[in-house]
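Below are the chains, spelled out letter by letter.
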Amino acid sequence: MGRPFAHVAIDGPAGSGKTTVARALARRLHVLYLDTGAMYRAVAVAALRQGVPVDDEAAIVRLARAHPVRVEHDPHSDEGFRIFSGSEELGAALYGNEVSTVVSAVAAYAAVRGLMVERQRAIAAEGPVVMAGRDIGTVVLPGAPVKVFLTASLDVRVARRLAELAERGTVVEPGELRAQMAERDALDENRPVAPLRPAADALLIDSSDLGVDEVVGLIAAAVEAVRA
Ligand code: DC
C-alpha cells in the first residue's frame, strides 16, 4: 500500500469544465464531490432575496454570518450534495443569471471567503473529497496531493455555458454571455484576496479540445501516481 489517497483540488475559470470533471472523477473514485462555487452562489441568492446591495461589504458579511451556508452530502442527488441557506434548500436558484452576475462581487470579500474556506476545510477534514473552485489548490487545500488547473478558450467556455443554460431552459444572448464571462474572469483573476490562479505544483490541463472522459482520465492517472 502506498500513500493513502486524500484530496483532489480542481480550479479553473467558469466554463472550463471543472464541475463536470470533478463530479465524474468523484464518482469514479467513490469519494465526495463539492462544488465550492455553489457556496458563494448561496450567499449571492440570499443577498438578492433580502435586497442587500452586493457592493455593501459590511452588509453582505453580516448576511453571510446570519444565513450560514450548509452543505449536505447526498449521493442520490444529481450533484452529490445539497446546499442550504439556513434551513432552506437552494437548488436551481443558485444558477440563475442574476446570481451569476453578482456572485463575483460577493466572492471578493475576505470575510465571506473566510467563512466559506473554514467550512470547506472542515468538509475535507472528514475524508477524501474532490473539491472544485477557484482557490482550492492555492488557499483551501494547499496540501492536496493532486491539484489541477483546468482551462479552455473563452469561445469554448461560452459555448459550454450556453449549452448548460439551454439544458436548464434558460436562453441568453451569446454576445452578452461572452462579455459577462470575460468580466467575471477579470474580477476573479484580479481580486486582491485569493485570486484565480494555478498553484505552483498544479497540473495544467487545457480542455478546449478534450472530452470529459479524457480530462477525467488524465486526473485519475495523476491520482493513481500519488497513490502508488
Ligand atoms: O464556479 P461558479 O461559476 O459557480 O462560481 C461562482 C463564483 O464564485 C465565481 O465568480 C467565482 C467564485 N468562486 C470563488 O471565488 N472561489 C471558489 N472556490 C469558488 C467560486
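Our structure's up above, just so we're on the same page.
The written sequence of each chain sets the order in which its residues are numbered from 1. Note on the predicted model: pLDDT of at least 70 is required for a residue's local features to be given, and 80 or more for side-chain atom pairs to be given and counted; whole-chain, interface and lining totals, by contrast, use all residues. The side-chain figures draw on all heavy atoms in the structure; neither hydrogens nor water molecules are used.

**Some points on the sheet that holds strand β1 (residues 7–11)**
Strand pairing is assigned whenever DSSP detects at least two bridges linking the two strands. In this text, helices come from DSSP runs of H or I with a minimum length of four residues, and strands from runs of E with a minimum of two, each type numbered from the N-terminal end. Sheet architecture is open: five strands sit in the order β2-β6-β1-β7-β8, paired in parallel fashion. Lying at the two open borders of the sheet, with one neighbouring strand each, are β2 (32–35) and β8 (203–206). For this sheet, the mean angle separating the axes of adjacent strands, direction not counted, is 20 degrees. Examined bridge by bridge, strand β7 (residues 146–151) and β8 share four bridges and lie parallel to one another. Bridged to V148 within β8 is L203. The contact rule is simple, with two residues in contact once any of their heavy atoms fall within 4.5 Å. Convention adopted: a line fitted to C-alpha atoms gives each axis, helices being fitted over their contacting stretch, and angles between N-to-C directions are expressed from 0 to 180 degrees. Running at roughly 180 degrees to strand β6 (residues 129–133), helix α1 (residues 18–29) makes contact with β1, β2, β6 and β7 of the sheet.

**Quick notes on the nonpolar core**
Counting 63 residues, the largest nonpolar core has I10, L25, I60, I83, V112, V130 and I219 as the members making the most contacts within it. Of the residues forming this core, the biggest block, nine residues, is contributed by helix α2 (residues 37–50). When residues no more than four places from it in sequence are discounted, the contact partners of V130 are V8, I10, A22, L25, A26, L29, V31, L32, Y33 and L34. We define a nonpolar core as any set of buried Ala, Val, Leu, Ile, Met, Phe, Trp, Tyr and Cys residues linked to one another through side-chain atoms lying within 4.5 Å. The buried label goes to any residue with under 20% of its type's maximum accessible area, the exposed label to any with over 50%, and the partly exposed label to all in between, with areas taken from a 1.4 Å probe on protein chains only. In terms of nonpolar packing, the next biggest core, distinct from the first, is built from six residues, A14, L165, L177 and M181 among them.

**Description of the side chain of R157**
When you line up the elements, R157 lands in helix α7 (residues 154–167). Judged by its relative accessible area of 6%, R157 falls in the buried class. The contact partners of R157, leaving out residues within four places of it in the chain, are P13, A14, G15, S16, A152, M181 and D185.

**Digging into the packing of helix α3 (residues 57–66) against helix α5 (residues 110–126)**
The N-to-C vectors of α3 and α5 enclose an angle of 20 degrees; their axes lie 9 Å apart at closest approach. It follows that α3 is roughly parallel to α5 by the angle criterion. In this structure, the crossing between α3 and α5 has a hand that is left-handed. Of α5, the residues touching α3 (which contributes E57, I60, V61, A64 and R65) are A110, A111, V112 and L115. Charged residues are taken to be Asp, Glu, Lys and Arg, nonpolar residues to be Ala, Val, Leu, Ile, Met, Phe, Trp, Tyr, Cys and Pro, and polar residues to be all remaining types, Gly included. When grouped by side-chain class, the residues that make up the contact of α3 with α5 number seven nonpolar, no polar and two charged. Roughly parallel here means an angle under 35 degrees, roughly antiparallel means over 145, roughly perpendicular means 65 to 115, and every remaining angle is called oblique. Helix crossings fall into two classes, left-handed where the near helix is turned counterclockwise from the far one by less than a right angle and right-handed where it is turned clockwise.

**Digging into the site of the ligand**
Surveying the vicinity of the ligand reveals 16 residues, the closest of which are R41, S104, R113, D135 and R191. The side chain of D135 places a nitrogen or oxygen atom 2.8 Å from a nitrogen atom of the ligand. Throughout this description, a polar contact denotes any pair of N or O atoms lying within 3.5 Å of each other; where both atoms belong to protein, one of them has to be capable of donating a hydrogen while the other can accept it, and for residues adjacent in sequence the pair is counted only when both atoms sit in side chains. D188 has a polar side-chain atom sitting 3.3 Å from an oxygen atom of the ligand. Notes on the ligand: free accessible area 450 Å², of which the protein chains cover 98%. Where the shell around the ligand is concerned, the elements lending two or more residues are α2, α4 (97–107) and α8 (174–190). Here the residues of the shell around the ligand sort into four nonpolar, four polar and eight charged. Any residue with a non-hydrogen atom lying within 4 Å of a molecule or strand is treated as near it. Surface accessibility in these figures is a Shrake-Rupley result with a 1.4 Å probe; residues are shielded only by whichever protein chains are displayed.

Purely geometric stuff here, so don't read any function into it on its own.
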